[in-house]
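Residues per chain are reported as follows:
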Amino acid sequence: MKFSLLLFIALLSPLLAQAQLANLPPAPVLAAKSYLLYDFTSNQILVDQNGNERTEPASITKLMTAYLTFSSLKLNKFSLDQTITPSAEALRAQGVESRMFLDKNKPVTIAELLRGLIVQSGNDAARVLATTLAGSEENFAKLMNQEAQRLGMSNTHYINATGMPHPQHYSSAYDTAILAAAIVRDFPEHYPIYSLREYQYNNINQANRNRLLWMDPYVDGMKTGHTESAGFCLVASAKRNQRRLISVVLGTASDNLRATESQKLLNYGFQNFEAVRLYKKNEPVANLHLWKGTESKAKVGFRSDLFLSIPTGQMAQLKATMETQQPLIAPLSGGQKVGMIKISLGGKPYAEYKLVVLEPVPLANVFSRGWDSIRLLFK
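Structure report, in brief.

So, how was this worked out
Residues numbered from 1 in each chain as written. Predicted model: local features only at pLDDT ≥ 70, side-chain atom pairs only at ≥ 80, totals over all residues. Heavy atoms only, no water. Helix = DSSP H or I, 4+ residues; strand = E, 2+ residues; numbered from the N terminus. Buried < 20%, exposed > 50% of the residue type's maximum accessible area, 1.4 Å probe, protein only. Contact = heavy atoms within 4.5 Å. Lys, Arg positive; Asp, Glu negative; His and termini not counted. Charge placed at Lys NZ, Arg CZ, Asp CG, Glu CD. Expected span 1.5 Å × (residues − 1). Polar contact = N/O pair within 3.5 Å; in protein donor to acceptor, adjacent residues only side chain to side chain. Pairing = 2+ DSSP bridges. Axes fitted to C-alpha atoms, helices over the stretch in contact; angles between N-to-C directions. Core = buried A, V, L, I, M, F, W, Y, C linked by side-chain atoms within 4.5 Å.

Moving on, we come to the overall build of the protein. On a plain count of helices and strands, the protein comes out with eight helices and 18 strands. Buried positions account for 54% of the 379 residues belonging to the protein. Within the protein, counting contacts between residues at least 6 apart in sequence, those at least 24 apart form 66% of the total. Charge-centre separation for the protein: the mean point of 40 positive side chains lies 6 Å from the mean point of 30 negative side chains.

Dropping the structure here:
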């Protein structure tokens, strides 16, 4: 079993540091094709087993269908109470598949469709949303791929809005974590739908297939998936106090197994790691000497609270060092990278973060710039 702890800057961006911690209990070995544990609070991956392996996502695809629907609502292209009359084409069934049992003669609201999509995993809901937002499911798939590319989901390609099997319809545990985190981060007003245990539409009540909503009081979402070829899959999100973890488990052998294996992963993260806040957003970490600017010092720090997940009880072993560009010359814009904070744990490299300018500093007048140019010659 390969265990790795990865730090990311921005949204699950490329690997910057990897730590091998001998004193950390080994991560659980799960009966799944691939799996990943992501700390949403600190933006770190705690466990990664075949996370970049392309695999069939099944109904986990509907996370992207929901994401695009949430985006359209945010842009006021549609409203939750807007009604739609499903077309016969959108209601077509491809053999045995999950449905919310829409009626072509009965108008349905966007709010109802979202619940049918998320809670009941209705393929009919996914197709109606796709055709409503993009005119056709094919056009909607293009939007899905554009959004996947924007989010940095490099091992994902969509053919449909439902997750029905297709050779060119695939994703990965890593990419699924990116998408799940984006929903939690970008649409907190809609995320509570994922916690609903059941939903009734057209006089048919259906339970959410995410068993962890009953098994674990800390789990409040997100999505299941299953086809014969994909196996049983589950993305789960759990929050204890202010800390949120997201697990992705793909390709297990049964409904029960995807739940129990996911719970093992979440428990491992909560029991063996703690998220500590190293720096507060917009508070200066340092005031760096600045040349040729209207100010002699530049305030540098972080644009958001900086949390770091570390093995429980090892806070005292953390050490931070700062590396900055020298000489630092104006003008500086807000958010401009001027250095790095490097974190070590127990004397070993652990993480790196970009250090940015907190307040812009324009150029000084000609006289001040000239005087600084002379001083720089003697440095």
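If you check helix H8 (residues 366-377), its first and last C-alpha atoms are 17 Å apart, about what twelve residues at 1.5 Å a residue would give, namely 16 Å. Among the residues of H8, the N-terminal cap falls to Asn-365, whose side-chain oxygen and the backbone nitrogen of Phe-367 are separated by 3.2 Å.

For the rest of this paragraph, the subject is the sheet that holds strand E18 (residues 348-357). One open sheet holds the five strands; their spatial order is E13-E14-E18-E17-E16, and the pairing between them is antiparallel. What marks the edges here is a single partner per strand, and that holds for strand E13 (286-289) and strand E16 (318-324). Here the strands of the sheet are splayed against their neighbours by 35° on average, with no regard to which way each runs.

Residue placement: Ala-125 occurs in helix H3 (residues 123-134). Using a relative accessible area of 0% as the deciding quantity, one classes Ala-125 as buried. Separated by 63 residues in the primary sequence, Ala-125 and Lys-62 have C-alpha atoms spaced 9.9 Å apart. Apart from the residues within four sequence positions on either side, Ala-125 is in contact with Met-100, Leu-102, Leu-113, Gly-116 and Leu-117.

Attention now goes to unusual backbone geometry. Cis peptide bonds are those with omega within 30 degrees of zero, and the linkage from Gln-326 to Pro-327 qualifies with -5°. Residue Ala-330 is joined to Pro-331 through a cis peptide bond whose omega torsion reads 5°. Within the secondary structure layout, Pro-331 lies in the loop between E16 and strand E17 (337-345). With phi around 55°, Asn-241 is a residue other than glycine that occupies positive phi space. For Asn-241, the position within the fold is in the loop between strand E10 (231-240) and strand E11 (243-252). Given the relative accessible area of 72%, Asn-241 is considered exposed.

What follows concerns the nonpolar core. Within soluble globular proteins, side chains that are nonpolar tend to cluster in buried spots. One finds Met-64, Leu-113, Tyr-194 and Met-222 to be the most contacted residues of the largest nonpolar core, which totals 61 residues. Looking at which element gives the most residues to this core, the answer is helix H5 (residues 173-186), with ten residues. Counting 24 residues, the second largest nonpolar core, distinct from the first, contains Ala-286, Ala-298, Val-300 and Leu-318.

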